[in-house]
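Structure assessment
Residue-level listing of the chains:
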Amino acid sequence: IDNDPQASLTFISGYQTPIEKNNIIDIYDGCADIHDLILPVECCENLFLIPSHINLSAMELSLISKVNREYKLQRALAPLKEEYDFILIDCPPSLNMLNVNAVVSADGIICCCEPKVMAVQGLLLYNKTIANLKYEMNLNYTFLGVVITRIGAGKDAKDIMEVMEKNYPILGRSKELVITSKGDIDGIPLVISNPSHINSLMYKQMAEKIIDWRDNS
């Protein structure tokens, strides 16, 4: 589910032309059957997408005045829980009402973070915020851990990763490589185009950890 107005997930899933109708905005509007919003992702069998659109940012502002605004996404997703093995929600890198809806809907939360000082500070603030939400709203999600992304070769990145590893469970580490970015442009995940690549192996191991958590929770 692309829950981000930037619609990057929609783009890399093969939908480069903006999808003006039947997108995630209809979930927050409450004006569509969620099944009508689901699109196939051609590169991957059994992978589907609910697309986003840049106008989601305007919709997010309008949510402020709506009743039960934190539960819009959770209620819309309820019919899908028995139909899919996993429902993944891609969120904007900001603490807004879209993110709150995702946290309320979630059984597990994974954060992606670059090994940079400001990114780690943002991760700390985000975790404090969702911990407060968990307490105030009596939520039952599990914080699964952090994926360290776009790792460069410098010493600063290594030092920051050591700090992250002391404070968070680390699900995986992904190096910043041209081949990974090329997959975003081509719309073909690295795990399909080059399954033996070091980043592909990391993502497979991470997927296995998530499956184990699901099966044992």
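So, here's what we can say about the structure. (Residues numbered from 1 in each chain as written. Predicted model: local features only at pLDDT ≥ 70, side-chain atom pairs only at ≥ 80, totals over all residues. Heavy atoms only, no water.)

**Re the layout of surface pockets**
There is about 150 Å³ of room inside the second largest pocket. What lines the second largest pocket is simply Ile170, Leu171, Gly172, Arg173, Lys175, Ile198, Asn199, Met202, Gln205, Met206 and Lys209. The set of elements that each furnish at least two residues to the lining of the second largest pocket consists of β5 (170-175) and α10 (198-216). Looking at the lining of the second largest pocket, the element that brings in the most residues is α10, giving 6 residues. Looking at side-chain class alone, the lining of the second largest pocket contains 5 nonpolar, 3 polar and 3 charged residues. (1 Å grid on protein atoms, 1.4 Å probe; cavity = no way out; pocket = protein on both sides within 12 Å on 5 of 7 lines; lining within 4 Å. Points joined across faces, edges and corners; volume = space filled by probe spheres on them. Helix = DSSP H or I, 4+ residues; strand = E, 2+ residues; numbered from the N terminus. Nonpolar A, V, L, I, M, F, W, Y, C, P; charged D, E, K, R; others polar.)

**What about the packing of helix α5 (residues 97-105) against helix α6 (residues 117-136)?**
The contact between α5 and α6 brings their axes to 11 Å, and the two run at 55 degrees. Relative to α6, α5 is oriented oblique. For the pair α5 and α6, the crossing hand works out as right-handed. Between α5 and α6, the residues in contact are Asn99, Val100 and Val103 and Tyr126, Ile130 and Leu133, respectively. Residues that form the contact of α5 with α6 fall into these classes: 5 nonpolar, 1 polar and no charged. (Axes fitted to C-alpha atoms, helices over the stretch in contact; angles between N-to-C directions. Parallel < 35°, antiparallel > 145°, perpendicular 65-115°, else oblique. Left-handed = near helix turned anticlockwise from the far one by under 90°. Contact = heavy atoms within 4.5 Å.)

**Quick word on the packing of helix α3 (residues 56-63) against α5**
For the pair α3 and α5, interaxial distance at closest approach is 9 Å and the crossing angle is 80 degrees. On the basis of their axis angle, the class for α3 and α5 is roughly perpendicular. Of α5, the residues touching α3 (which contributes Leu56, Glu60 and Leu63) are Met97, Leu98 and Asn101. Classifying every residue of the contact of α3 with α5 by side-chain character gives 4 nonpolar, 1 polar and 1 charged.

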